[in-house]
Each structure stands twice: as structure tokens, then as C-alpha cells.
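Now for the letters of each chain:
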Amino acid sequence: KHGMRGTPDNVLVDKNKNMWIDIYGKGCYFYDVHTNRSFLFSENRNQLPHGNVTGMTEVGNTVVLSYNDGTLVRIDGNAHKILWINKTIAVRNKQVIEPYKTYVDREGNYWVTTNALSLIYDVKEKKWYDSLPEFLRHLGITCPWQNVLIKDIAEDKNGRLLIATD
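Treat the numbers as computed from the prediction; the structure is a model and nothing was measured.

### Examining the overall build of the protein chain
Thought 1: A count of helices and strands for the protein chain gives 2 helices and 14 strands.
Thought 2: Its C-alpha atoms give the protein chain a radius of gyration of 17 Å, near enough to 15 Å, the size a compact globule of 166 residues would have.
Thought 3: Counting all 166 residues of the protein chain, 45% fall into the buried class.
Thought 4: In the protein chain, once contacts between residues fewer than 6 apart in sequence are set aside, the share between residues at least 24 apart is 34%.
Thought 5: In the form shown here, the protein chain has an accessible surface area of approximately 9300 Å², with 49% of it arising from carbon and sulfur atoms.

Following this line, the structure appears as C-alpha cells:
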């Protein structure tokens, strides 16, 4: 009906009830429920990197796509713009294929997790931390564990992070 073709691999409904639909090999559709229109961020027109999206995370009125090589892409559906493409993790990890997931906290820090590693980007410091213990030490919090993998993250209404680990 809205020109969307293909089988969805990932679907996200944002806080405004808009839909973000990732279709492997095609790109990511943004469907605006208020205007009843869709827009394709296309892989074929070299807008999005070609690859397998393993996670979609809402950040404000935008979405961050996490690719299986560690590439992160932030897109704005209302403006029909790609805000940035970040290949830092893909380069650092030599494009190891993993199901990367991203969470962005209230401070704007990026928490990127896989089955094998957890990385945190501190937006104020503009620095990647290679583990949860390293990030906590940076914040002045003692962490008794050395090897900790983040399995999931949630934030309560008071801004406290709840981190599930292995």
C-alpha cells in the first residue's frame, strides 16, 4: 500500500507510533503514521551501508541502526536524513560479525553490546571504553570484576541504569 517491498528483518515502533522497518538488501523504511507516508533510506542509492542490521534503537526523534560488523548509523525519519555513519567499532574489531545492539542513556552515552564484548562511548569525553569495568572506573566507581559482558540495559524513570550481565 505504501510502496514498501520485502520481508522485514527488524521493526521498531517509536514513541510517536511511527514505524521503522529494516529490510535486508533494500534499506530501512520510515513510515510516518501522521502523514500516512513512507520514506526509504536505501542501500541501493548508497545512502545506507550494505549489511545486516541487528538492532534498532530510538534516540529522541531519531533511530540508531546497529549493523552486524559494528557500524552504527543514526537516521532522522522526519527530515529524511542520515545524520551520521560511524565505523569506529567495525574498524577496531576488524569487522567481526556479531549481533550488535545499542542502547543510548539519558546522558547520550552509547552502550554497544555483542555476545563477546561491551563498549561504551562517553559523549562528554568523546571516548570509547572497552569494557564496563573500565567505564565504571572512569566514573569513579569500583568494579570488582574484570570480564563482564552486558546482556541488556534498561533505565528507570529516575534515570538509574539497570544493567544485566553474564
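Resuming the write-up.
### A closer look at the packing of aromatic side chains
Thought 1: Considering all chains together, one arrives at 6 aromatic pairs under this definition.
Thought 2: With a centroid separation of 4.9 Å and an interplanar angle of 80 degrees, the aromatic rings of phenylalanine 39 and phenylalanine 41 are classed as edge-to-face.
Thought 3: On the basis of relative accessibility, which here comes to 1%, the residue phenylalanine 41 falls in the buried class.
Thought 4: Taken together, Trp111, Tyr129 and Phe135 form an aromatic cluster joined through their ring pairs.

### Here's the deal with the pairing of strand β5 (residues 53-59)
Thought 1: Along β5, 5 of the 7 residues are buried, which leaves the element largely enclosed by surrounding structure.
Thought 2: Relative to strand β6 (residues 62-67), β5 is paired through 6 bridges, and the arrangement is antiparallel. For valine 59, the partnering residue across the bridge sits in β6 and is threonine 62.
Thought 3: Between β5 and β6, which pair antiparallel and follow one another directly, the connecting turn spans 2 residues, one of which, glycine 60, has a positive phi of 65 degrees.

### Observations concerning the layout of surface pockets
Thought 1: For the largest pocket, the calculated volume is near 180 Å³.
Thought 2: Lining the largest pocket, in full, are Asp105, Glu107, Asn109, Trp111, Asp122, Val123, Lys124, Phe135, Leu136, Leu139, Leu161 and Ile163.
Thought 3: When grouped by side-chain class, the residues that make up the lining of the largest pocket number 7 nonpolar, 1 polar and 4 charged.

### Some details on the sheet that holds strand β12 (residues 127-129)
Thought 1: Read from one edge to the other, the open sheet built from 4 strands follows the order β9-β10-β11-β12, with strand pairing classed as antiparallel. The open sheet terminates on both sides in strands that have one partner only, identified here as β9 (101-104) and β12. Taking the axes of each pair of neighbouring strands and ignoring which way they run, one obtains an average angle of 20 degrees across the sheet.

### Points about the environment of glutamate 125
Thought 1: Locating glutamate 125 in the fold gives a position in the loop between β11 (118-122) and β12.
Thought 2: Glutamate 125 sits 16 residues away from asparagine 109 along the chain, and the two C-alpha atoms are 9.9 Å apart.

### Focus on the side chain of serine 42
Thought 1: Along the chain, the position of serine 42 falls in strand β4 (residues 37-42).
Thought 2: In this view, serine 42 contacts Lys26, Gly27, Gln47 and Leu48; residues no more than four positions away in its chain are not counted.

### So, the pairing of β9
Thought 1: Burial along β9 is one-sided: Thr102 and Val104 are buried, while Lys101 and Tyr103, pointing the other way, are not.
Thought 2: With 4 bridges connecting them, β9 and strand β10 (residues 110-113) associate as antiparallel partners. Within β10, the residue paired with lysine 101 across the bridge is threonine 113.
Thought 3: Hairpin connection between β9 and β10: a loop of 5 residues separates the two successive antiparallel strands, and glycine 108 in this loop has a positive phi of roughly 90 degrees.

Rules used throughout
Residues numbered from 1 in each chain as written. Predicted model: local features only at pLDDT ≥ 70, side-chain atom pairs only at ≥ 80, totals over all residues. Heavy atoms only, no water. Helix = DSSP H or I, 4+ residues; strand = E, 2+ residues; numbered from the N terminus. Rg over C-alpha atoms; globule rule 2.2 N^0.38 Å. Buried < 20%, exposed > 50% of the residue type's maximum accessible area, 1.4 Å probe, protein only. Contact = heavy atoms within 4.5 Å. Areas by Shrake-Rupley, 256 points an atom, 1.4 Å probe, with all protein chains shown as cover. Phe/Tyr/Trp six-rings, centres within 6.5 Å; stacked < 30°, edge-to-face > 60°. Pairing = 2+ DSSP bridges. 1 Å grid on protein atoms, 1.4 Å probe; cavity = no way out; pocket = protein on both sides within 12 Å on 5 of 7 lines; lining within 4 Å. Points joined across faces, edges and corners; volume = space filled by probe spheres on them. Nonpolar A, V, L, I, M, F, W, Y, C, P; charged D, E, K, R; others polar. Axes fitted to C-alpha atoms, helices over the stretch in contact; angles between N-to-C directions.

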